[in-house]
Amino acid sequence: MVLELRNPPANTYSYEMMRELDAHVLDARMDESIHALMITGAGEKFFCAGADIKMLEGADPYFKYNFCLHANETLCRLEQTPKLVIAALNGHCVGGGLEIALACDLRVARAGAGKIGLPEVSLGVLPGTGGTQRLARALGRAKAIEMMVEGTTVEVEEAKALGLVNAVIDAPPAEFRARALEYARRFVPPAKASRAVGFIKRAVTSGIEMSLADGLALERELQQRLFEGQDAKEGLAAYNARRKPAFTGK
C-alpha cells in the first residue's frame with residue numbers, strides 16, 4: 001500500500017491530511033491483503049517539510065496543542081501497526097517530515113534528494129511530533145541533542161552514515177518510486193512471510209521500551225502466534241523438505 005503526502009509545493013501537512021493518514025493506517029491494519037506500507041511525497045522536490053506553517057499562524061494555542069496531540073497519536077499508531085512501514089524519501093525531509101519518517105520502520109532515500117533534519121529551533125520551537133524522542137532513540141542522546149539545538153540538516157549520504165537512512169537509491173527522480181517499491185518487495189510474499197516481519201517489528205518497537213524480562217515475554221507470545229499461523233507451518237514444511245535425510249545409523 002502506497003500512501004502519498006500531497007500538498008504542493010512542500011507537501012506540508014494539515015490537520016485534515018493527518019486525519020487522512022490516520023484513516024489509511026487503520027484501514028491497512030484491518031486489511032489482511034495489505035502486507036506493508038510505503039509513505040512517500042508527491043513530486044520530486046519534497047518528501048515533506050513538516051506542518052503547514054500558514055495553518056498554524058492562524059490557529060490559537062488550543063488548536064495547536066490538539067493538532068500536535070493528534071499528529072502524535074497518528075504516528076504512534078503507524079509505529080505500532082504490525083506491518084512494515086517504509087518511508088521513501090523522494091526529496092527534502094525536514095521538520096515534521098522527518099518526524100513522520102522516524103515513525104516508519106525503514107527509510108530509503110533517493111541519492112542527492114535533498115536535506116534531512118529537524119531545524120525547528122530556528123523557529124523558536126522544538127520538534128513536537130515525536131522528534132525529540134525518536135531522533136534520540138535513532139542516534140543516541142548526545143548526537144540527537146547536537147543536531148536539534150544546532151538545527152542541523154544533512155545530505156542523504158550523511159544521513160545514511162549516521163543511520164537515519166537505511167538505503168540510498170541512485171535513480172532519477174522519475175524512477176525512484178518504482179525502485180523504492182522493488183526494495184519494499186524484499187519484505188513481502190513471496191520473498192518474506194509478512195506476518196513474521198510485522199511481528200518482528202512489534203517485538204522490537206514495544207520490547208525496546210520494556211525490561212528484558214517483559215520484552216522476552218512479548219517475544220514468546222508473538223512467536224506462539226506465528227507458530228499457530230499458516231506462514232510458520234508452510235515455512236517449516238519447506239525447510240524440512242529441503243533438508244537432507246538424517247543419519248539413521250544403518
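Only a predicted model underlies this, so the values are computations on that prediction, with no experimental measurement involved.

Reading the values: the criteria
Residues numbered from 1 in each chain as written. Predicted model: local features only at pLDDT ≥ 70, side-chain atom pairs only at ≥ 80, totals over all residues. Heavy atoms only, no water. Helix = DSSP H or I, 4+ residues; strand = E, 2+ residues; numbered from the N terminus. Rg over C-alpha atoms; globule rule 2.2 N^0.38 Å. Buried < 20%, exposed > 50% of the residue type's maximum accessible area, 1.4 Å probe, protein only. Pairing = 2+ DSSP bridges. Axes fitted to C-alpha atoms, helices over the stretch in contact; angles between N-to-C directions. Contact = heavy atoms within 4.5 Å. Salt bridge = Lys/Arg side-chain N within 4 Å of Asp/Glu carboxyl O. pLDDT = per-residue confidence, 0-100. Phe/Tyr/Trp six-rings, centres within 6.5 Å; stacked < 30°, edge-to-face > 60°. Parallel < 35°, antiparallel > 145°, perpendicular 65-115°, else oblique. Left-handed = near helix turned anticlockwise from the far one by under 90°.

**Focus: the overall build of the chain**
Line of reasoning, step 1. Scanning the chain for helices and strands turns up eleven helices and nine strands.
Line of reasoning, step 2. Taken against the 2.2 N^0.38 rule, which gives 18 Å for 250 residues, the C-alpha radius of gyration of the chain at 20 Å falls within 12% of a compact globule.
Line of reasoning, step 3. The principal-axis extents of the C-alpha atoms in the chain amount to approximately 80 × 40 × 35 Å.
Line of reasoning, step 4. Taking all 250 residues of the chain together, 43% fall into the buried category.

**A short note on the sheet that holds strand 7 (residues 115-117)**
Sheets are built from strands that pair by backbone hydrogen bonding, the pairs being arranged parallel or antiparallel.
Line of reasoning, step 1. The four strands lie next to each other as 3-5-7-8, forming an open sheet whose pairing is mixed. Taken across any chain shown, the strands that pair with only one partner, and hence form the sheet edges, are strand 3 (46-48) and strand 8 (153-155). Sheet twist, expressed as the mean angle between neighbouring strand axes with direction ignored, is 25°.
Line of reasoning, step 2. In terms of strand pairing, strand 7 meets strand 8 through three bridges, oriented antiparallel. Residue pairing across strands places Gly117 opposite Thr153, the latter belonging to strand 8.
Line of reasoning, step 3. In the packing of helix 4 (residues 96-103) onto the sheet, contacts are made with strand 3, strand 5 (92-94) and strand 7, and the angle to strand 5 comes to roughly 90°.

**Focus on the pattern of salt bridges**
If charged atoms from side chains of opposite charge come close, those side chains can pair.
Line of reasoning, step 1. For the coordinates displayed, the defined rule picks out eight salt bridges.
Line of reasoning, step 2. Measuring nitrogen to oxygen at the nearest pair gives 2.7 Å for the salt bridge that ties Asp22 to Arg77. Of this pair, Asp22 sits in helix 1 (residues 15-30) while Arg77 sits in helix 3 (residues 61-80); the two residues are 55 residues apart in sequence, bridging distant segments of the chain.
Line of reasoning, step 3. Residue Arg77 is classed as partly exposed on the basis of its relative accessible area of 25%.

**Details of the environment of Glu120**
Line of reasoning, step 1. Along the polypeptide, Glu120 turns up in the loop between strand 7 and helix 5 (131-139).
Line of reasoning, step 2. On the accessibility criterion, Glu120 (10% relative accessible area) is buried.
Line of reasoning, step 3. The spatial distance from the C-alpha of Glu120 to the C-alpha of Val2 is 28 Å, given a sequence separation of 118 residues.
Line of reasoning, step 4. Ignoring sequence-local partners within four residues, the contact set of Glu120 consists of Gly95, Gly96, Glu99, Val125, Leu126 and Pro127.

**Here's the deal with the sheet that holds strand 9 (residues 167-169)**
Line of reasoning, step 1. With parallel pairing, the five strands of this open sheet are ordered in space as 1-2-4-6-9. Two strands in the sheet have a free side with no partner beyond their single neighbour: strand 1 (2-5) and strand 9. Along the sheet, successive strands turn relative to each other by an average axial angle of 25°, direction set aside.
Line of reasoning, step 2. Bridge count between strand 1 and strand 2 (residues 36-41): four bridges; the pairing is parallel. Pairing of Leu3 across the sheet is with Ile39, part of strand 2.

**A closer look at the confidence of the model for the chain**
For residues with low pLDDT, the predicted coordinates do not support detailed interpretation.
Line of reasoning, step 1. Scored by pLDDT, the chain has a mean of 92; 93% of the residues are at 70 or more.
Line of reasoning, step 2. Here residues 244-250 is modelled with pLDDT under 50, and outside its nearest four sequence neighbours on either side it reaches zero contacts, counting other chains as well.

**So, the packing of aromatic side chains**
Line of reasoning, step 1. In this structure the tally under the stated criterion is four aromatic pairs.
Line of reasoning, step 2. With 6.2 Å between their ring centres and 85° between their planes, Tyr15 and Phe63 make a pair best called edge-to-face. In this pair, Tyr15 is assigned in helix 1 and Phe63 in helix 3, connecting sequence segments 48 residues apart.
Line of reasoning, step 3. Taken together, the ring pairs in this structure connect Tyr13, Tyr15, Phe63 and Phe67 into an aromatic cluster.

**Thoughts on the packing of helix 5 against helix 6 (residues 141-150)**
Line of reasoning, step 1. Two elements in contact, helix 5 and helix 6, have axes whose closest approach is 7 Å; the angle formed by their N-to-C orientations is 130°. Here helix 5 lies oblique to helix 6, going by the angle between them. Viewed along their axes, helix 5 and helix 6 form a crossing whose handedness is right-handed. Contacts between helix 5 and helix 6 pair Gly131, Thr132, Leu135, Ala136 and Leu139 from the former with Arg141, Lys143, Ala144, Met147 and Met148 from the latter.

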